[in-house]
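For reference, the chains in residue letters:
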2 protein chains.
Amino acid sequence: MSRIGMTSEPAKQTYAGAGVDTAAADRLISRIASVAATARRPEVLSDVGPFAGLFRLGTYDDPVLVASTDSVGTKVKLASVLDRYESVGHDLVNHCVNDILTSGAEPLFFLDYIGNFGLSDDQKVDLVRGVAEACRAVNCALIGGETADMPGTYAEGDYDLVGFIVGICERGNVIDGSRIEEGDALIALPSNGLHTNGYSLVRRIFGAGLSAPGQPADPEVERAVLEAHYPELGGTLGDALLLPHRCYLETLKPVLSDIRGFAHITGGGLPGNVPRIFPDGLVARIDRSKWEVPALFKLIQERGNVADEEMFGTFNMGVGAVLAVAPGDVTGFCEKLAEAFPIGEVVAGDGFAWA
Amino acid sequence: MSRIGMTSEPAKQTYAGAGVDTAAADRLISRIASVAATARRPEVLSDVGPFAGLFRLGTYDDPVLVASTDSVGTKVKLASVLDRYESVGHDLVNHCVNDILTSGAEPLFFLDYIGNFGLSDDQKVDLVRGVAEACRAVNCALIGGETADMPGTYAEGDYDLVGFIVGICERGNVIDGSRIEEGDALIALPSNGLHTNGYSLVRRIFGAGLSAPGQPADPEVERAVLEAHYPELGGTLGDALLLPHRCYLETLKPVLSDIRGFAHITGGGLPGNVPRIFPDGLVARIDRSKWEVPALFKLIQERGNVADEEMFGTFNMGVGAVLAVAPGDVTGFCEKLAEAFPIGEVVAGDGFAWA
């Protein structure tokens, strides 16, 4: 963890000539360090320090560390069109927090990695600021990160934003699907948009965020696409598409012990993710009539002339998480979580079935 | 953690048409999972599983988690010229292991991220195989990872390989530089090459690995550059440049308690990294005459006509780690580690000084 950029640019045979300005790099490191320091916990022994981040664990009976890594994917291409850099940091953290929450874990700390070519220092700091804000919101310490400038790998202005999270859970409280039984109820939590999946298709349908290495796009045209107002969205397309990924931690904390299985609806939609949590011989039967697909997905489907199955196999379609709960717990569960709603049940079988 | 690729390619408005072949993705995930499973520890509760990796911690008195993230940087560009994908996995893991070892931590688990466009499944599996082999060698579990296909971000055949490591150390054994005193000895451990830093400059000097988004290079010409034999290297330039990063864990395990400060020599060389470990008011004085700079660095300097200061501020110059040790421990330390050699001492002051 060193926040040392590596570049390869121009002429003279010095490292500075090859694009590395050490003094400038030091200034950036110090700006990033002060932003990262806003997401701290008392357990952090050193934050953005020399070579690693240190986190004192505290006392647990039988602790299980739960870790995950992910990137925001091509949502960043849309964000770049609108010059937004903070919001994707929220996407990254919230996606990762949800991923470990599927096991019942609460976050301890996070590290970010920015690979890029040609982002300004301000843009890099904005990315980390978004990460730090989202970490702070869930009491997760941002204990490290790395910024790598690689002009030979990324196109100018392009970047990849990768996150790593570590959380913790007592062994007895791990959610692993093993308690799921036939007849259990499946409860949904609404998404607030695409979260971080399906953006490759959406970018193509609307014609935005399509620049690629060696193939520049017209920024004015793409911006106009995203700034268009849609009455059914109650705002612009760009705002709807860039709404940061919802985080389910605060919502679900009070009911974690009631959850027998937890599917985070990411790439592959409901059919791609719900089956992943079941023991052999059990399968989800989900009833699509149980919820109204949000306007954003209808707009995408109409504009792209996309088939239903394709839509449900690509996007979350308004459902960000599916939880398996004992039938007797459903009422209490839905009373505690006003937004939760039943969408199906666990039946004998394999794979995935629509009701 | 889901190993779900995201692509944006061609024509029809389906996600498969946009480049995602779910069945093929599932086959890749299963190949990667079986490779990753070769690097396991008994504490792993689930390996490449649905949304996260789980690791049961065991019993410690006052455990400190030590985490770091890094990428291999542009060394991957040279590896691509020679069609080598496994070795950079070793680079990634060994670099990360050394980073947390600076705090006295031993590795627990690792996660990898591959962002790319156009890598074949075999190439992706080779990358992960290298990561898994290197993890196994240091008893580190590979508990997760992600592969993201992003043609809008990476040029064809280009990729970024990012790693994330978590290790552990008892609070009382953390190496944090606080015990360093004036008069302490500085001990060096040899590097085995460039490790993972300075490749942007090296690629320019020799003219290899220079393809960039929209600017393809001539693969035959670049390969010939790397396949050239140099008597002073005892082999080809490519073999010397692609030698995987050394890992210092096994070497240093028996003497960790004697180490008061530990600098991993990465980007910025000795002057860029050694000062990072000292308390205020103390500084390293290093004597360059204490070791012979290896032939590879001399070749780079000569070919590139690079000034001495530039060389020492960019490359490790043959020193991969610098350790601060009490004067009375030096003899015993160097007896235990045949390859270690004294290169300087700790003096009052700030910054960095050559003797």
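None of these values were measured; they are calculated from a predicted model.

(A) Looking closely at the interface of chain B and chain A. Contacts between the two partners involve 88 residues from chain B, matched on the other side by 88 residues from chain A. Counting each side, the surface lost to burial between chain B and chain A is near 6,800 Å², with a carbon and sulfur contribution of 60%. Summed over the shared surface of chain B and chain A, the number is 2 salt bridges. Asp-62 of chain A is the salt-bridge partner of Arg-56 of chain B, the closest N and O atoms lying 2.5 Å from each other. Inspection of the chain B/chain A interface yields 21 residue pairs in polar contact (both at pLDDT 80 or more).

(B) Spatial organisation of the sheet that holds strand β6 (residues 159-170) of chain A. One open sheet accounts for 6 strands, arranged β5(A)-β4(A)-β6(A)-β3(A)-β2(B)-β1(B); its pairing is mixed. At either margin of the open sheet sits one strand with a lone partner, and together these are β5 (141-149) of chain A together with β1 (44-46) of chain B. The mean inter-strand angle of the sheet, taken between neighbouring strand axes irrespective of direction, is 20 degrees. Sheet topology places strand β3 (residues 63-71) of chain A next to strand β2 (residues 53-56) of chain B; 4 bridges connect them, and they run antiparallel. Along β2 of chain B, the bridge assignment pairs Ala-67 of chain A with Gly-53 of chain B. The strands that helix α3 (residues 86-101) of chain A touches are β3, β4 (106-116) and β6 of chain A; relative to β6 of chain A, the one it contacts most, it runs at about 35 degrees. Set on the sheet, helix α4 (residues 121-137) of chain A makes contact with β4, β5 and β6 of chain A; between it and β4 of chain A the angle comes to about 170 degrees.

(C) Local environment of the side chain of Thr-74 of chain A. Locating Thr-74 of chain A in the fold gives a position in the loop between β3 and α2 (75-81). What makes Thr-74 of chain A buried here is its relative accessible area of 3%. A distance of 3.4 Å separates the side chain of Thr-74 of chain A from the side chain of Ser-200 of chain A, its partner in a polar contact. Those residues within four positions of Thr-74 of chain A in sequence are excluded, and the remaining contacts are Tyr-199, Ser-200 and Arg-203 of chain A together with Met-150 of chain B.

(D) Up close: the pairing of strand β12 (residues 319-325) of chain A. Residues and elements named next belong to chain A. A large share of β12 lies buried, amounting to 7 of its 7 residues. As paired strands, strand β10 (residues 259-264) and β12 are joined by 5 bridges and run antiparallel to one another. Counted as the bridge partner of Ala-263 is Val-322 from β12.

(E) Structural context of unusual backbone geometry. All names here are of chain A. Phi is positive for Asp-83, which is not a glycine, with a value near 60 degrees. Assignment of secondary structure puts Asp-83 in the loop between α2 and α3. Residue Asp-83 is classed as exposed on the basis of its relative accessible area of 54%. Within the chain, Asn-139 stands out as a residue other than glycine whose phi angle is a positive 55 degrees. Mapped onto the elements, Asn-139 comes out in the loop between α4 and β5.

(F) Region of interest: the relation of the copies chain B and chain A. When chain B is fitted to chain A, the best match, at an RMSD of 0.0 Å, comes from turning it 180 degrees and sliding it 0.0 Å along the axis. Accordingly, the operation relating the two chain copies is best matched by a two-fold axis. Measuring from the rotation axis to each C-alpha of chain B, the shortest distance belongs to Gly-214 of chain B, at 1.9 Å. Most of the interface of chain B is mirrored in chain A, where 99% of its interface residues are also at the interface.

(G) View of the packing of aromatic side chains. Overall, the coordinates contain 14 aromatic pairs over all chains when judged by the stated rule. Where Phe-55 of chain B meets Phe-109 of chain B, the ring centres are 5.4 Å apart and the plane angle is 45 degrees; that geometry is what we call tilted. A residue pair is termed long-range when its members are at least 10 positions apart, and Phe-55 of chain B in strand β2 and Phe-109 of chain B in strand β4 (residues 106-116) qualify at 54 residues. The same class applies to Phe-55 of chain B as to Phe-109 of chain B, namely buried. Aromatic pair Phe-352 of chain B and Trp-354 of chain B: ring centres 4.9 Å apart, planes at 90 degrees, arrangement edge-to-face. Classification of Trp-354 of chain B as partly exposed rests on a relative accessible area of 23%. Here the guanidinium or amino end of Arg-288 of chain A rests over the ring plane of Trp-354 of chain A, the centre of that ring lying 4.2 Å away. Lying over the aromatic face of Phe-51 of chain A, Arg-276 of chain B brings its terminal NZ or CZ to 4.6 Å of the ring centre.

(H) Region of interest: the packing of α3 of chain A against α4 of chain A. Residues and elements named next belong to chain A. Relative to each other, α3 and α4 sit at 45 degrees, their axes nearing to 7 Å. In this view, α3 runs oblique relative to α4, as classed from their interaxial angle. Where α3 crosses over α4, the handedness of that crossing is right-handed. Of the residues in α4, those in contact with Glu-86, Val-88, Gly-89, His-90, Leu-92, Val-93 and Asn-94 of α3 are Asp-126, Leu-127, Arg-129, Gly-130, Val-131, Glu-133, Ala-134 and Cys-135. Tallied by class, the residues present in the contact of α3 with α4 amount to 7 nonpolar, 4 polar and 4 charged.

What counts, and at which threshold
- Residues numbered from 1 in each chain as written.
- Chains lettered and ligands numbered in written order.
- Predicted model: local features only at pLDDT ≥ 70, side-chain atom pairs only at ≥ 80, totals over all residues.
- Heavy atoms only, no water.
- Contact = heavy atoms within 4.5 Å.
- Buried area = accessible area lost by both parts, 1.4 Å probe.
- Salt bridge = Lys/Arg side-chain N within 4 Å of Asp/Glu carboxyl O.
- Polar contact = N/O pair within 3.5 Å; in protein donor to acceptor, adjacent residues only side chain to side chain.
- Pairing = 2+ DSSP bridges.
- Helix = DSSP H or I, 4+ residues; strand = E, 2+ residues; numbered from the N terminus.
- Axes fitted to C-alpha atoms, helices over the stretch in contact; angles between N-to-C directions.
- Buried < 20%, exposed > 50% of the residue type's maximum accessible area, 1.4 Å probe, protein only.
- Least-squares fit on C-alpha atoms with pLDDT ≥ 70 in both.
- Phe/Tyr/Trp six-rings, centres within 6.5 Å; stacked < 30°, edge-to-face > 60°.
- Lys NZ or Arg CZ within 6 Å of the ring centre and 35° of its normal.
- Parallel < 35°, antiparallel > 145°, perpendicular 65-115°, else oblique.
- Left-handed = near helix turned anticlockwise from the far one by under 90°.
- Nonpolar A, V, L, I, M, F, W, Y, C, P; charged D, E, K, R; others polar.

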